[in-house]
Amino acid sequence: MRTQPKKGLAVLLAVLVGSVGAAAPAYAGGAGPTPGSAGLGDRLYPLLGNGGYDVQNYDLHVTYPEKDPKQTVTGDVTITALATQNLSRFNLDFGGDSVGVVRVNGDRAEFTRQGDELVITPRRHLPKGQRFRVRVSGYTATPIEANASSPAGFVTTTDGTFMAGQPDQSHNYFPSNDHPSDMATYTIALTAPVGWLAVANGTHVSDKRDHGYVTSTYREAKPLASELIQAAVGDFVLQKRPPVNGIAIRDVVPRRLADDLLPKAEVERSQLTWMIDKVGKYPFENYGSLVVDTRLGFALETQTISLYDTSLFARPKYILDPIMLHELSHMWFGDSVAPSEWSSVWQSEGHATWYELEYAEETGVFQQYTRMPNREAYFKQVYAEGDQLRKDYGPVARPLKADVIWDVFNPNVYDGGALVLYALRQKVGERDFQRIEREWVKLNRGKSVDTHDFVNLASAVSGKNLRPFLNDWLYGTTTPPMPGHPDWTVDPAEAAAAPAAATARHR
Ligand code: ARG
Ligand code: ZN
């Protein structure tokens, strides 16, 4: 589902034209069928996603043949999509091992693989505005070991496998339109040997037992960005907790570590109440934590079930809890409201950092967590490093590059993004700031949006034209003055990249 204006009209027209008769080619607007582009032209990841269609739903079924965490899995995915141009050909993103059979609307389709592009030529062209079905069956994918310095993807551990797809790895697990601008609903069915547990995003629909296997089916009925898919399969156990505000809670951990890990996840219940109080209704039906025994070096906001590694869960509560709050706040900022381009990732990380720090302060662990007395001191320090951060990593809403993972998930996106929110709050005051935050997550629930949408909304809600102010903060190569703090100064940027002192915070 891509959230663009006027789509409804285009669909309606195409349906009307299409209904004239199957014999007449139905080229809306007179354009003949052409290939969909191989990428969506994302500034940082140009080949992620594909042009010419908009996915509505994924029906994914993956089979885990044995109790072997390193094994190759086989999958079947049925994608329901809407053609947004007359398509002679189109791509999916796929980086797995092999592809079995591809069908479009039931007919076998030719395909080729070019890098991570699966190029599909349907037997008949697909008219603009028409819904179509692609089924990729009998594909295979093999998990990798986690490596703390690179993105992860489909990952193996002693206990089983899980997903850490952000930002560009989910298509190593399943053929998809792997870009957060195309959110869709998902049904995920996982077949594994009896005794293993399989958990995915969304709510549990059924468990069906057959010849030594169980197929566990989950439904995520709220739009999900492919980067945030979760499928954890292995020797895990699931613990349900009492619901919070009607939101079901379940945690998933390795069976052999359950006694140690489960009690530490309990805090998520009070954190949910805290976040709902700050920004409003929780956007999904359930929540929980998944802890995996590996060294990922990050936590990840996989939708409805945040992902953590055991090394984080071994750290003191004053570190673990604020990071858990960070991931929880992503359910509103990043998951439910997704970035429509990767350059807008500050929206997710800046907001998550904002609430993480606010929570650390309100729960009295700020000093221990950041080694600074309070948020004001913290932001003053980030402010001082503003020019250096912009020089090393690019402006907040225009990260320099995406060669390695840390270029995109860089300190200027996290701390710098939170600092933009601090500046905004200084400018409009606490009351309007809260109204902007609440409106943002309410208005854009289930949608992909970008930096300009935030700037426009902040202006509309506050009744002030904040475009010049926020654009300087978001796109400027130097740090603007901080409203209300004329005494705050910015250190000169050094020629050589220096690690930001603001990241003295435990991570
Ligand atoms: N979005 C994650 C967080 O804020 C960070 C993930 C960075 N690494 C990655 N491979 N996506 O906690
Ligand atoms: Zn984050």
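Residues numbered from 1 in each chain as written. Chains lettered and ligands numbered in written order. Predicted model: local features only at pLDDT ≥ 70, side-chain atom pairs only at ≥ 80, totals over all residues. Heavy atoms only, no water.

1. Brief notes about helix 12 (residues 451-462)
Move 1: The end-to-end C-alpha distance of helix 12 is 17 Å, a good match for the 16 Å that twelve residues give at a rise of 1.5 Å each.
Move 2: Among the structural elements, helix 6 (346-362), helix 11 (411-443) and helix 13 (467-475) are those in contact with the buried residues of helix 12. (Helix = DSSP H or I, 4+ residues; strand = E, 2+ residues; numbered from the N terminus. Expected span 1.5 Å × (residues − 1). Contact = heavy atoms within 4.5 Å.)

2. Structural notes on the packing of helix 6 against helix 11
Move 1: The contact between helix 6 and helix 11 brings their axes to 8 Å, and the two run at 75°. One element, helix 6, and the other, helix 11, form an angle in the roughly perpendicular class. Judged by residue contacts, Trp 346, Gln 347, Glu 349, Gly 350, His 351, Thr 353, Trp 354 and Tyr 355 of helix 6 engage Val 413, Tyr 414, Asp 415, Gly 417, Ala 418, Val 420, Leu 421, Tyr 422, Arg 425, Phe 433, Glu 437 and Trp 440 from helix 11.
Move 2: Split by residue class, the contact of helix 6 with helix 11 holds eleven nonpolar, five polar and four charged. (Axes fitted to C-alpha atoms, helices over the stretch in contact; angles between N-to-C directions. Parallel < 35°, antiparallel > 145°, perpendicular 65-115°, else oblique. Nonpolar A, V, L, I, M, F, W, Y, C, P; charged D, E, K, R; others polar.)

3. A few points about the pairing of strand 13 (residues 184-193)
Move 1: With ten of ten residues buried, strand 13 lies mostly within the body of the structure.
Move 2: Where strand 2 (residues 53-63) lies against strand 13, seven bridges are found, and the strand directions are parallel. Residue His 61 lies in a different strand from strand 13, and its bridge partner there is Ala 189.
Move 3: One ladder, built from nine bridges, connects strand 13 with strand 16 (residues 213-224); its direction is antiparallel. (Buried < 20%, exposed > 50% of the residue type's maximum accessible area, 1.4 Å probe, protein only. Pairing = 2+ DSSP bridges.)

4. Some words on the coordination of the zinc ion (ligand 2)
Move 1: In this structure, His 326 (NE2), His 330 (NE2) and Glu 349 (OE) serve as the protein donors to the zinc ion (ligand 2), at separations of 1.9 to 2.0 Å.
Move 2: For the zinc ion (ligand 2), the four donor atoms are set out with angles of 101 to 129° between them, so the coordination reads as tetrahedral.
Move 3: In terms of primary sequence, the donors binding the zinc ion (ligand 2) are separated according to H-x3-H-x18-E. Here the residue His 330 occupies a position in helix 5 (residues 317-330), and Glu 349 occupies one in helix 6, the gap between them amounting to 19 residues.
Move 4: Assessed through its relative accessible area of 0%, His 330 is described here as buried.
Move 5: By relative accessible area, which is 1% here, Glu 349 ends up buried. (Donors = N, O, S within 2.8 Å, 3.2 Å for Na, K, Ca; no water. Tetrahedral: all angles 85-135°; square planar, octahedral: opposite > 155°, others 65-115°.)

5. Section: helix 6
Move 1: Given a rise of 1.5 Å per residue, 17 residues ought to cover 24 Å, and the 23 Å separating the end C-alpha atoms of helix 6 matches this to within 8%.
Move 2: Here helix 6 lies mainly inside the structure; 15 of its 17 residues are buried.
Move 3: Two residues or fewer after helix 6 comes Gly 364, characterised by a positive phi angle close to 80°.

6. Structural notes on the packing of helix 11 against helix 13
Move 1: Two numbers describe how helix 11 lies on helix 13: the axes approach to 10 Å, and their chain directions differ by 160°. Regarding the angle of helix 11 to helix 13, the classification is roughly antiparallel. Pair helix 11 / helix 13 crosses with right-handed handedness. Side by side, helix 11 and helix 13 meet where Leu 419, Val 420, Ala 423, Leu 424 and Lys 427 of the first sit next to Phe 469, Leu 470, Trp 473 and Leu 474 of the second.
Move 2: The residue inventory of the contact of helix 11 with helix 13, partitioned by class, reads eight nonpolar, no polar and one charged. (Left-handed = near helix turned anticlockwise from the far one by under 90°.)

7. Notes on the packing of aromatic side chains
Move 1: Counted under the stated rule, the structure contains 27 aromatic pairs.
Move 2: For the pair Trp 346 and Phe 454, a centre-to-centre distance of 5.6 Å together with 85° between the ring planes defines the contact as edge-to-face. Taken together, the residues span a long stretch of sequence, with Trp 346 in helix 6 and Phe 454 in helix 12 at a distance of 108 residues. There is no split in this pair, since Trp 346 and Phe 454 are both buried.
Move 3: Measuring from ring centre to ring centre gives 5.9 Å for Tyr 378 and Phe 379, while their planes differ by 85°; the resulting arrangement is edge-to-face.
Move 4: Residue Tyr 378 is classed as buried on the basis of its relative accessible area of 0%.
Move 5: Three or more aromatic residues link up through ring pairs in this structure, and these residues are Trp 354, Phe 366, Tyr 378, Phe 379, Tyr 383, Tyr 422, Phe 433, Trp 473 and Trp 488.
Move 6: Directly above the ring of Trp 354 sits Arg 375, whose terminal nitrogen or CZ lies 5.3 Å from the centroid. (Phe/Tyr/Trp six-rings, centres within 6.5 Å; stacked < 30°, edge-to-face > 60°. Lys NZ or Arg CZ within 6 Å of the ring centre and 35° of its normal.)

8. Brief notes about the nonpolar core
Move 1: If you look at the biggest cluster of nonpolar residues, it comprises 87 residues, and the most contacted ones within it are Leu 272, Tyr 282 and Trp 332.
Move 2: With 14 residues, the top contributor of residues to this core is helix 11.
Move 3: Not counting the four nearest positions on each side in its chain, Trp 332 is found in contact with Leu 272, Met 275, Ile 276, Val 279, Gly 280, Lys 281, Tyr 282, Pro 283, Val 337 and Val 441.
Move 4: Of all hydrophobic cores here, the second largest spans 60 residues; its members include Tyr 64, Ala 164, Val 199 and Leu 228. (Core = buried A, V, L, I, M, F, W, Y, C linked by side-chain atoms within 4.5 Å.)

9. Regarding the environment of Asp 116
Move 1: Relative to the helices and strands, Asp 116 is located in the loop between strand 7 (110-114) and strand 8 (117-121).
Move 2: The residues touching Asp 116, leaving out its near neighbours within four places in the chain, are Leu 92, Asp 93, Phe 94, Gly 95, His 171 and Asn 172.
Move 3: A distance of 2.8 Å separates the side chain of Asp 116 from the side chain of His 171, its partner in a polar contact. (Polar contact = N/O pair within 3.5 Å; in protein donor to acceptor, adjacent residues only side chain to side chain.)

10. Notes on the sheet that holds strand 10 (residues 144-145)
Move 1: A sheet is described by the order of its strands in space; here five strands give the open sequence 10-11-12-17-14, paired in mixed fashion. Where the open sheet ends on each side, the last strands, each with one partner, are strand 10 and strand 14 (197-200).
Move 2: Here four bridges tie strand 11 (residues 153-156) to strand 12 (residues 160-164), and the two strands are oriented antiparallel to one another. Bridge assignment links Gly 153 to a residue of strand 12, and that residue is Ala 164.

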